[in-house]
Amino acid sequence: MGAAVSVGTASKALRLDIRHRRVRARLDLDLEHPGITVLFGPSGAGKTTIIRCLAGLDRISSGTITLGPTLWDDGGRTFVPARRRNVGYLFQDLALFPHLNVAENVGYGLKRMPRASRQAIIDDALRTAEVPGFQERIVAELSGGEAQRVALARAIAPRPDVLLLDEPLAGLDDPTRLRLRSELRRLILHAGIPALVVTHDRDEALALADQLVVLIDGAVHQTGPPAEVFDRPADAMVARVVGMDTISPARVVSVDRGTVRLRVGEASVVADLPSWRRHPLAAGEAVAVCLRGGDVGLRADPGSAAPPDTNSLPAVVTGIIEEASLIRVQVDAGFPLVCFLTRRELQALGLTGGSRVLVLVHRRSVHLAELAPQ
């Protein structure tokens, strides 16, 4: 099984421990306190499979899904259908009914309630989603952002125990998606319902998550606060998924006074001793060196002196690639390495392919990860 994920220890917990298709995963979600857990990973990792199993839209092959003491699915005789799970589900395509107006869409799951109570709940859900007064609007009249809010209102109207959102911003154009990231987080927290959100978008994961769960090839690899996971990936696979710009195999040469010296390709690199390790690093051990391009500095003078506690690596520029707002500079420093510069910095340095430079990396910016998941 993948590593267990525990988000709190409250008694009201939604627990999943399953094998289904390619997925072998465990999750433990605390439903006592509102917050957003993001299930993050590349396409095909099994994120949507997990959320559909939690919602009761798919039956698991083996294992268990429980809410508190109640068993929802055991892959055999016991199966609680979706309509009895009190789960709010926001589909990737929103799944609003085009033949119903907004009020009818939001109240679709409330048909057994008295009319007056149902109308009050619809109005409250629309206020919470910040689309009050939209009751009589038809779906075709809604913008992408408005449709998103209406779909959220429909999901929260029955006051579910948990909200499940599958790539909730994927169907929107880029400007709308960028604008709605922070708004969606605020609206979910305002609703006061714990949420599990699926996304493969790094920026979206960072903007939405209180807790991040990284899923790769059907297994949980790491969990924690988003900044911690993105800055300190547990293994090389997670490092690739969270977008580390340089990931190179290395071997420990020596460990001394809180630092570790490594051989990375043809280069010697010093890093701070990682505090997350379950066991001490030892000479000869293989690890992965991970660097973010923004933490790598370049100097045009290869012979200049480096600041204290900074790795100084002679290098040759092997590529210069323009990206949306920065320039990606690829260098050979005894191992392939990436640095990001602004256009002004690139012009000031006068770099071209083949330029000799000095790479500067502070030892605290060198992150060490496992080569393979533990």
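It should be noted that the structure appears before, not after, this text.
Calculation notes
- Residues numbered from 1 in each chain as written.
- Predicted model: local features only at pLDDT ≥ 70, side-chain atom pairs only at ≥ 80, totals over all residues.
- Heavy atoms only, no water.
- Helix = DSSP H or I, 4+ residues; strand = E, 2+ residues; numbered from the N terminus.
- Buried < 20%, exposed > 50% of the residue type's maximum accessible area, 1.4 Å probe, protein only.
- Contact = heavy atoms within 4.5 Å.
- Areas by Shrake-Rupley, 256 points an atom, 1.4 Å probe, with all protein chains shown as cover.
- Lys, Arg positive; Asp, Glu negative; His and termini not counted.
- Charge placed at Lys NZ, Arg CZ, Asp CG, Glu CD.
- Pairing = 2+ DSSP bridges.
- Axes fitted to C-alpha atoms, helices over the stretch in contact; angles between N-to-C directions.
- Expected span 1.5 Å × (residues − 1).
- Bend = angle between axes of the 7 residues up to and from the residue.
- Salt bridge = Lys/Arg side-chain N within 4 Å of Asp/Glu carboxyl O.
- Core = buried A, V, L, I, M, F, W, Y, C linked by side-chain atoms within 4.5 Å.
- Phe/Tyr/Trp six-rings, centres within 6.5 Å; stacked < 30°, edge-to-face > 60°.
- Lys NZ or Arg CZ within 6 Å of the ring centre and 35° of its normal.

Asker: Quick question: what am I supposed to make of the overall build of the protein here?
Answerer: What the protein contains, in helices and strands, is nine helices and 21 strands. Each of the three principal axes of the protein carries a C-alpha extent, and together these read 80 × 45 × 30 Å. The buried share of the protein, taken over its 374 residues, is 51%. The long-range fraction of contacts in the protein, counting pairs at least 24 apart against all pairs at least 6 apart in sequence, stands at 63%. Surface summary for the protein: the accessible area is close to 17600 Å², and the carbon and sulfur share equals 49%. For the protein, the separation between the mean place of its 45 positive charges and that of its 42 negative charges on side chains is 4 Å.

Asker: How should the sheet that holds strand β7 (residues 87–90) be read in this particular structure?
Answerer: Strand-to-strand pairing in sheets goes through backbone hydrogen bonds, with the strands running parallel or antiparallel. Spatially, the six strands line up as an open sheet ordered β7-β8-β9-β4-β10-β11, and their pairing is mixed. Both outer strands of the open sheet, β7 and β11 (219–224), are each paired with one neighbouring strand and no more. Along the sheet, successive strands turn relative to each other by an average axial angle of 20°, direction set aside. The pairing of strand β4 (residues 36–40) with strand β9 (residues 195–199) spans five bridges and is classified as parallel. By the bridge assignment, F40 is partnered in β9 with T199. Lying on the sheet, helix α4 (residues 144–156) is in contact with β7 and β8 (162–166); it crosses β7 at an angle near 165°.

Asker: How should I be thinking about helix α5 (residues 174–191) in this particular structure?
Answerer: Side chains three or four residues apart in an α-helix point the same way, a direct result of the helix having 3.6 residues per turn. An ideal rise of 1.5 Å per residue puts 26 Å on 18 residues; α5 measures up with 25 Å between its terminal C-alpha atoms. L180 marks where α5 bends most, by close to 40°. Looking at α5, one finds that the buried residues are T176, R177, L180, R181, E183, L184, L187, I188 and A191. Its buried side turned inward, α5 meets β4, α3 (115–128), α4, β8, β9 and α6 (202–208). Just past α5, the residue G192 takes up positive phi, approximately 75°.

Asker: In this structure, what is going on with the pattern of salt bridges? I would like to understand it.
Answerer: Once their charged atoms are close, side chains differing in charge can pair, the charge on each being opposite to the other. Applying the stated criterion across every chain yields a total of 21 salt bridges. Note that E141 is salt-bridged to R137, the shortest N-O span being 3.5 Å. Assessed through its relative accessible area of 45%, E141 is described here as partly exposed. In the salt-bridge network here, residues are joined through shared partners; they are R21, R52 and D58.

Asker: Please clarify how the nonpolar core should be interpreted in this entry.
Answerer: Soluble globular proteins: nonpolar side chains tend toward being buried together. Judged by nonpolar contacts, the single largest core of 49 residues is most densely connected at V38, F40, V106, L163 and L212. With seven residues, the top contributor of residues to this core is α4. Excluding residues within four positions of it along the chain, V106 makes contact with I122, A125, L126, V150, A153, R154 and A157.

Asker: Would you take a moment to explain α4 for this structure?
Answerer: Compared with an ideal rise of 1.5 Å per residue, which puts 13 residues at 18 Å, α4 spans 19 Å between its outermost C-alpha atoms and is within 8% of the ideal. The set of residues buried in α4 consists of G145, A147, Q148, R149, V150, A151, L152, A153, R154, A155 and I156. Looking at the buried side of α4, the elements it contacts are β7, α2 (102–106), α3, β8 and α5.

Asker: I tried to follow the sheet that holds strand β15 (residues 286–291) on my own but got confused; where do I start?
Answerer: The strand order β14-β13-β12-β15-β21 describes an open sheet built from five strands, whose pairing is antiparallel. In this open sheet, the two edge strands, each paired with only one partner strand, are β14 (267–272) and β21 (367–369). Across the sheet, the mean angle from the axis of one strand to that of its neighbour is 45°, orientation sign disregarded. The pairing of strand β13 (residues 259–264) with β14 spans six bridges and is classified as antiparallel. By the bridge assignment for β14, V260 is matched with A271.

Asker: Explain the pairing of strand β6 (residues 70–73) here, please?
Answerer: A regular strand places its side chains so that they alternate between the two faces of the sheet. Two elements, strand β5 (residues 62–67) and β6, share three bridges in a ladder whose sense is antiparallel. Residue pairing in the sheet places T66 in a bridge with L71 of β6.

Asker: Would you take a moment to explain the packing of aromatic side chains for this structure?
Answerer: Each aromatic ring pair is summarised here by two numbers: the centre-to-centre distance and the angle between the ring planes. All chains considered together, the criterion is met by three aromatic pairs. Ring centres of F40 and F230 lie 5.8 Å apart, and the angle between their planes is 40°; on these two criteria the pair is classed as tilted. You can see F40 sitting in strand β4 and its partner F230 sitting in helix α7 (residues 226–231), a full 190 residues away along the chain. For F230, a relative accessible area of 6% corresponds to the buried category. Plain terms: the ring middles of F97 and Y108 are 4.7 Å apart, the flat faces sit at 45° to each other, and that makes the pair tilted. Residue F97 is found in the loop between β7 and α2, and its partner Y108 is found in the loop between α2 and α3; the two are separated by 11 residues along the sequence. Relative accessible area serves as the criterion here: at 40%, Y108 is assigned to the partly exposed category. The residue whose ring lies beneath R137 is F134, and the NZ or CZ to ring-centre distance is 4.3 Å.

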